[in-house]
Amino acid sequence: KEEKAKMPPPAQPSGAVPAEVGAAHAAGAGQAVGAGATGAALAKAGQAPGAKMGLADLKANGEKIFTANCAMCHQANGKGVPGNFPPLAGNKDLFADRLFPAYVLLNGLKGEIQVEGKTFKNEMPALDFLSDAEIAAVIDHGRAAWGNDKLAPASLSPLTAADVAKARETKMQASDVHAYRAKFE
């Protein structure tokens, strides 16, 4: 007997955080917007959902992948939601370690953090349903958007799907990612 998979709600790129998303994150039970939303973003970009995309296409669509999977909490402008979801704009965590953002997306992040002097306690769920290339594209987008390109070390090269595949091999829990982050504070 086959069970039907429950599809997550569609992404809401308007910048507003729906109450059910905030509540789910606060309860630590949140599921990120799923692959269906990524398919919707790709469709808007002229790609058929499920279609194989080349590296150039994925880099060009990093913003669309972000909008479909991340903007609900971190907002389209990267400023997050004060007291709930940390900003990515100006967030040095994106550059603390070459693979750190990949560890966060693959495993989530659990534990209190400080970003720009403000405390955040919500749990970031894993987005490990995204492909290695999609994760690389969305991280590269975050590192280049909202003025973050000025924070990037000159030696930092863009992430590749192979980099993310390597990070995926490192098995971590969300609390392990939090402990790893503490090394950079």
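Residues numbered from 1 in each chain as written. Predicted model: local features only at pLDDT ≥ 70, side-chain atom pairs only at ≥ 80, totals over all residues. Heavy atoms only, no water.

(A) Fine view of the packing of helix H6 (residues 100-107) against helix H9 (residues 174-182). Contact pair H6 / H9: the axes reach a minimum separation of 9 Å and the direction vectors enclose 160 degrees. By the criterion of interaxial angle, the relationship of H6 to H9 is roughly antiparallel. The chirality of how H6 crosses H9 is left-handed. Across the interface between the two elements, Phe-100, Tyr-103, Val-104 and Asn-107 from H6 touch Ala-174, Val-177, Tyr-180 and Arg-181 from H9. For the contact of H6 with H9, the per-class residue count stands at six nonpolar, one polar and one charged. (Axes fitted to C-alpha atoms, helices over the stretch in contact; angles between N-to-C directions. Helix = DSSP H or I, 4+ residues; strand = E, 2+ residues; numbered from the N terminus. Parallel < 35°, antiparallel > 145°, perpendicular 65-115°, else oblique. Left-handed = near helix turned anticlockwise from the far one by under 90°. Contact = heavy atoms within 4.5 Å. Nonpolar A, V, L, I, M, F, W, Y, C, P; charged D, E, K, R; others polar.)

(B) Geometry of the environment of Ala-136. Positionally, Ala-136 belongs in helix H7 (residues 132-144). Residues Ala-136 and Ala-162 lie 26 residues apart in sequence; the distance between their C-alpha atoms is 8.9 Å. Those residues in contact with Ala-136 that sit more than four places away from it in its chain are Leu-159, Thr-160, Ala-161 and Val-164.

(C) A look at the nonpolar core. Membership of the largest hydrophobic core comes to 30 residues, with the highest contact counts inside it found for Tyr-103, Leu-105, Ile-135, Val-138, Ile-139 and Val-177. Those elements that place two or more of their residues in this core are helix H4 (62-69), H6, strand E1 (113-115), H7, helix H8 (161-169) and H9. The biggest single contributor to this core is H6, with six residues. Other than its neighbours up to four places away in sequence, Ile-139 contacts Pro-101, Ala-102, Leu-105 and Leu-159. (Core = buried A, V, L, I, M, F, W, Y, C linked by side-chain atoms within 4.5 Å. Buried < 20%, exposed > 50% of the residue type's maximum accessible area, 1.4 Å probe, protein only.)

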